[in-house]
2 protein chains.
Amino acid sequence: MARVKLQDVAERAGVSVTTVSRVLNNRGYLSEKTINKVHRAMEELNYRPNAVARQLFKQRTNLVGLVFPTVNNPFFGQLEAELETRLYELGYRVVMGNSQNDPQKEERYLQLLFNGQIDGLIVGAHNEGITAYHNTNLPIVSIERIVSKQIPVVAADNYRGGRLATQRLLDDGCQHIIHTNYPASSSTPNQERRRGYEELMEEHGRQKITYEISFDSPDPEKAAVFTRIFAEHPECDGIFADNDTNARLAINAAVQAGKRVPEDVKVVGYDGASSTRLLFPDLTTIQQPIAEMAQTAVDLLQKRLAGQAVESVTLPVKLVSGITG
Amino acid sequence: MARVKLQDVAERAGVSVTTVSRVLNNRGYLSEKTINKVHRAMEELNYRPNAVARQLFKQRTNLVGLVFPTVNNPFFGQLEAELETRLYELGYRVVMGNSQNDPQKEERYLQLLFNGQIDGLIVGAHNEGITAYHNTNLPIVSIERIVSKQIPVVAADNYRGGRLATQRLLDDGCQHIIHTNYPASSSTPNQERRRGYEELMEEHGRQKITYEISFDSPDPEKAAVFTRIFAEHPECDGIFADNDTNARLAINAAVQAGKRVPEDVKVVGYDGASSTRLLFPDLTTIQQPIAEMAQTAVDLLQKRLAGQAVESVTLPVKLVSGITG
DNA sequence: TATTCTGCGTTATCCGGTTGACATACGCTT
DNA sequence: AAGCGTATGTCAACCGGATAACGCAGAATA
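1. Section: the side chain of A:Glu106
Alright, step 1. Inspection of the secondary structure assignment puts A:Glu106 in helix H6 (residues 103-115).
Alright, step 2. For A:Glu106, the residues in contact, after removing those within four places along its chain, are A:Val67, A:Ser99, A:Ala125, A:Asn127, A:Ile130, A:Tyr133 and A:Arg145.

2. With respect to the packing of helix H9 (residues 219-232) of chain B against helix H10 (residues 244-256) of chain B
Residues and elements named next belong to chain B.
Alright, step 1. Between H9 and H10, the least distance of the axes is 9 Å, while the angle of their chain directions is 50°. One way to sum up the angle between H9 and H10 is to call them oblique. For the pair H9 and H10, the crossing hand works out as right-handed. Residue-level contacts link Asp219, Lys222, Ala223, Phe226, Thr227 and Phe230 of H9 to Asn246, Leu249, Ala250, Ala253 and Ala254 of H10.

3. So, the interface of chain B and chain A
Alright, step 1. Every contact between the two is made by 53 residues of chain B and, on the other side, 53 residues of chain A.
Alright, step 2. If you look at where chain B meets chain A, you find two salt bridges.
Alright, step 3. Across the pair B:Glu84 and A:Lys105 runs a salt bridge whose closest N-O atoms are separated by 2.9 Å.
Alright, step 4. Linking chain B to chain A there are 18 residue pairs in polar contact (both at pLDDT 80 or more).
Alright, step 5. Of all elements in the fold, only helix H4 (51-58), strand E1 (63-68), helix H5 (74-89), strand E2 (93-98), helix H6 (103-115), H10 and helix H11 (274-279) of chain B reach the threshold of two or more residues within the side of chain B that touches chain A.
Alright, step 6. Taken together, the residues of the side of chain B that touches chain A sort by class into 23 nonpolar, 20 polar and 10 charged.
Alright, step 7. The pairing of strand E2 (residues 93-98) of chain A with E2(B) spans three bridges and is antiparallel. Opposite A:Val95, over in E2(B), you have B:Val95 as the bridge partner.

4. What about the protein's contact with DNA strand D?
Alright, step 1. Taken together, the neighbourhood of DNA strand D is formed by 27 residues, with A:Arg54, B:Thr19, B:Tyr29, B:Ser31 and B:Thr34 sitting nearest.
Alright, step 2. Across the atoms of DNA strand D situated within 4 Å of the protein, the share located in sugar and phosphate is 73%.
Alright, step 3. Between a phosphate oxygen of DNA strand D and a side-chain N or O atom of A:Asn25, the distance comes to 3.4 Å.
Alright, step 4. Measuring from a phosphate oxygen of DNA strand D, one finds a side-chain N or O atom of A:Arg54 at 2.7 Å.

5. Looking at the relation of the copies chain B and chain A
Superposing the two chain copies requires a rotation about an axis and a translation along that axis.
Alright, step 1. Overlaying chain B with chain A gives an RMSD of 0.1 Å, the required rotation being 180° about an axis along which the chain moves by 0.0 Å. Taken together, the turn and the small shift mark the pair as related by a two-fold rotation axis. No C-alpha of chain B approaches the rotation axis more nearly than that of B:Val95, which lies at 2.2 Å.
Alright, step 2. In this assembly, 100% of the residues forming the interface of chain B have copies in chain A that are likewise at the interface, indicating an isologous arrangement.

6. Examining the protein's contact with DNA strand C
Alright, step 1. Taken together, 28 residues lie around DNA strand C, and A:Thr19, A:Tyr29, A:Ser31, A:Thr34 and B:Arg54 are the ones closest in.
Alright, step 2. For DNA strand C, the fraction of atoms within 4 Å of the protein that belong to sugar or phosphate moieties is 70%.
Alright, step 3. In this structure, a phosphate oxygen belonging to DNA strand C sits 2.9 Å away from a side-chain N or O atom of B:Tyr47.
Alright, step 4. B:Lys58 is positioned such that a nitrogen or oxygen atom in its side chain is 2.9 Å from a phosphate oxygen of DNA strand C.
Alright, step 5. Listing elements by their share of the surface near DNA strand C, those giving two or more residues are helix H2 (17-25) and helix H4 (51-58) of chain A together with helix H2 (17-25) and H4 of chain B.
Alright, step 6. Counting residues per element, the surface near DNA strand C draws most heavily on H2(B), which supplies five residues.
Alright, step 7. In terms of residue class, the surface near DNA strand C is made up of 11 nonpolar, 11 polar and six charged.

7. Things to note about the domain arrangement of chain A
Alright, step 1. Considered domain by domain, chain A is made up of domain 1 (1-38) and domain 2 (158-289).
Alright, step 2. Of note, the centres of domain 1 of chain A and domain 2 of chain A, computed from C-alpha atoms alone, are 63 Å apart.

8. Here we look at the pairing of strand E4 (residues 140-143) of chain B
Residues and elements named next belong to chain B.
Alright, step 1. Residues Ile140 and Ser142 of E4 are buried on one face, and the alternating residues Val141 and Ile143, pointing to the opposite face, are buried as well.
Alright, step 2. One ladder, built from three bridges, connects strand E3 (residues 120-123) with E4; its direction is parallel. Across the sheet, residue Leu121 finds its bridge partner in E4, namely Ile140.
Alright, step 3. Pairing of E4 with strand E5 (residues 153-156), which is carried by two bridges, proceeds in the parallel orientation. In the strand pairing of E5, Ile143 is matched with Val154.

9. Some thoughts on helix H8 (residues 190-203) of chain A
All names here are of chain A.
Alright, step 1. Here H8 contains 14 residues, and its C-alpha end-to-end distance of 20 Å stays within 8% of the 20 Å for a straight helix at 1.5 Å per residue.
Alright, step 2. Here the buried face of H8 lies against helix H7 (158-171), strand E6 (177-181), strand E7 (209-212), strand E8 (238-240) and strand E9 (266-271).
Alright, step 3. Gly205 occupies a position one or two residues after H8 and carries a positive phi of about 65°.

10. Describing the packing of aromatic side chains
Alright, step 1. On inspection of all chains with the given rule, the structure shows 13 aromatic pairs over all chains.
Alright, step 2. Seen from their ring centres, B:Phe76 and B:Phe215 are 5.7 Å apart, and the 85° between their planes marks the pair as edge-to-face. Residue B:Phe76 is found in helix H5, and its partner B:Phe215 is found in the loop between strand E7 (209-212) and H9; the two are separated by 139 residues along the sequence.
Alright, step 3. With relative accessibility at 6%, the residue B:Phe76 sits in the buried group.
Alright, step 4. Connected via pairs of aromatic rings, a cluster forms that spans A:Phe68, A:Phe75, A:Phe76, A:Tyr182 and A:Phe215.
Alright, step 5. When the ring centre of A:Tyr109 is taken as reference, the NZ or CZ atom of B:Arg93 above it lies at 5.6 Å.
Alright, step 6. It is B:Arg193 that lies over the ring of B:Tyr270; its NZ or CZ is 3.6 Å from the centre.

11. Section: the environment of B:Lys222
All names here are of chain B.
Alright, step 1. Within the secondary structure layout, Lys222 lies in helix H9.
Alright, step 2. Lys222 gets classed as buried once you look at its relative accessible area, which sits at 7%.
Alright, step 3. For Lys222 and Ala250, which are 28 residues apart along the polypeptide, the C-alpha to C-alpha distance reads 9.2 Å.
Alright, step 4. Ignoring any residue separated from it by four or fewer positions in sequence, one finds Lys222 in contact with Ile213, Ser214, Phe215, Ser217, Asn246 and Leu249.

Conventions used here
Residues numbered from 1 in each chain as written. Chains lettered and ligands numbered in written order. Predicted model: local features only at pLDDT ≥ 70, side-chain atom pairs only at ≥ 80, totals over all residues. Heavy atoms only, no water. Helix = DSSP H or I, 4+ residues; strand = E, 2+ residues; numbered from the N terminus. Contact = heavy atoms within 4.5 Å. Axes fitted to C-alpha atoms, helices over the stretch in contact; angles between N-to-C directions. Parallel < 35°, antiparallel > 145°, perpendicular 65-115°, else oblique. Left-handed = near helix turned anticlockwise from the far one by under 90°. Salt bridge = Lys/Arg side-chain N within 4 Å of Asp/Glu carboxyl O. Polar contact = N/O pair within 3.5 Å; in protein donor to acceptor, adjacent residues only side chain to side chain. Nonpolar A, V, L, I, M, F, W, Y, C, P; charged D, E, K, R; others polar. Pairing = 2+ DSSP bridges. Near = heavy atom within 4 Å. Least-squares fit on C-alpha atoms with pLDDT ≥ 70 in both. Domains from an automatic or database assignment. Buried < 20%, exposed > 50% of the residue type's maximum accessible area, 1.4 Å probe, protein only. Expected span 1.5 Å × (residues − 1). Phe/Tyr/Trp six-rings, centres within 6.5 Å; stacked < 30°, edge-to-face > 60°. Lys NZ or Arg CZ within 6 Å of the ring centre and 35° of its normal.

Dropping the structure here:
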């Protein structure tokens, strides 16, 4: 079980350690004969170069951290899958961190960067007040979250998404549209959805009402908010939910309040992730360009890692209609 | 930007490198005064011990690989989230690999183990014929997949799940129940679901029909199978799908074939992951104990890492009814 | 024939932290 | 005064691989 190392290969092949390393890294002058000898020795011994030793010398691990609230979510699940695919193609492996409800955990993952365990980080978590982000020029990219001034953000066009969703409900004849979103204090571009909703409502002389739902609170708590909405606003005939699972909870609450969906209440969600579309195709929603967001984040991270300055990016969204309305 | 290392801390604190290392690892005799001096120096320099150097010496990375088809899936998403949570508590970080449709990628992740980049592996992928698994006593645990004789499997009771699902459809009066599952050649305990279905059908003197759907094929291809089912078997009034997303596709196909669900065709799914339950609460399904499966897999892996022999484990499943039938 | 290219070996150093062996010095106990 | 526990320092080796510098053949080229 003793690990096979370079030296063992060298002895087996009857060459020097340097030569084996040369073969491995394809440097310097080498004859076919020697290359074959070394390769044969490596095969016979089933040699695998120790990645950690190499990392130590190269000062690179080829690992990138992904820190999001939880991968058990249609949006983040798809996003992280897309990120992994792209990073893999570039030779990076991915360390996954789920930080929901645990700022300390988020900070621990951030430490991996300072530890030298990972080369870069893509974050989309929601915990506030982590000061370690406030370094300059860190190889970090954030998705749909404002982390610090120095860190570029990849976001979909939340303002436009907010308008699109609200417009659809207005077009469908809704008179009393209520919006849900994160608490206004959250550092996420999500607040732009709210702005889109509020501005459009004002333009139409409608009353704007936003209920706040923290992403990290448990489902029953979220469901309770929608129950409250219909209790406090029985006139409500339209809901613009800030994500698709909340849209589902809105529908449940509406039904429980004795309303028919979509006849009495229409609901528009947000995200449009693939598994949501598959499992709940009736839902009308604002679809984020998840694949493009992943691609963009990876591009930005690569530039960051190369020491280049990068700007935040905003991508377009579109409204997709539920198959039955 | 030059990395701060042990030696810098030692100089700053006016002690030897060994002493700093002793403080870090809490070994040997140390005075309060020295400990404080060293800690102050570490803070002033913002010292972070290099994890890779430590890994090289300790021959441990505290990283565990998770290799599943894709995290963009309600079942695997929840499973991987649960695994990350538990492994994190034990001090492990998690490397995520999505291997769908790519045996070579699965093999690459397996190589991380032989590279020394990860300490252990939890796999649930479906690619066949990867010979590297056939080593003895590797720190690998598999979930719902038979990898090799030496590797323990954590599975839910698939046979019983198959019977439960079929029984429910029989109880609901279905006469012609069709099942879908992976190709019979797949090395997964999924085949036990099929056995449960087939045996129960035989016991009731019914005809058993199983259509095969590869997990890794694209959604339209899967949907086409269900379309074919209703074309070839217009009498079909019950579907036992091997997972919940396929159950959704079955329902879509039934509706497209002019059938009403559940009046004309009843569907039972499999998995019962949290986001599926949330987004598609109407579905009756066999619920796998995902949290327990994650916990068990982590327990087994820990024992493997400690060099202990372990046995495969089977956990119970239960049927959960859709809220509207 | 002189020069350059090719194909290796030798040696030493580095990456950054860990650890064992040993030496030293101080203070306290018996 | 001898012995012991405490508190450090010094030195060297180690984890496993990468690399620069140098030397030295033999072959190819000028």
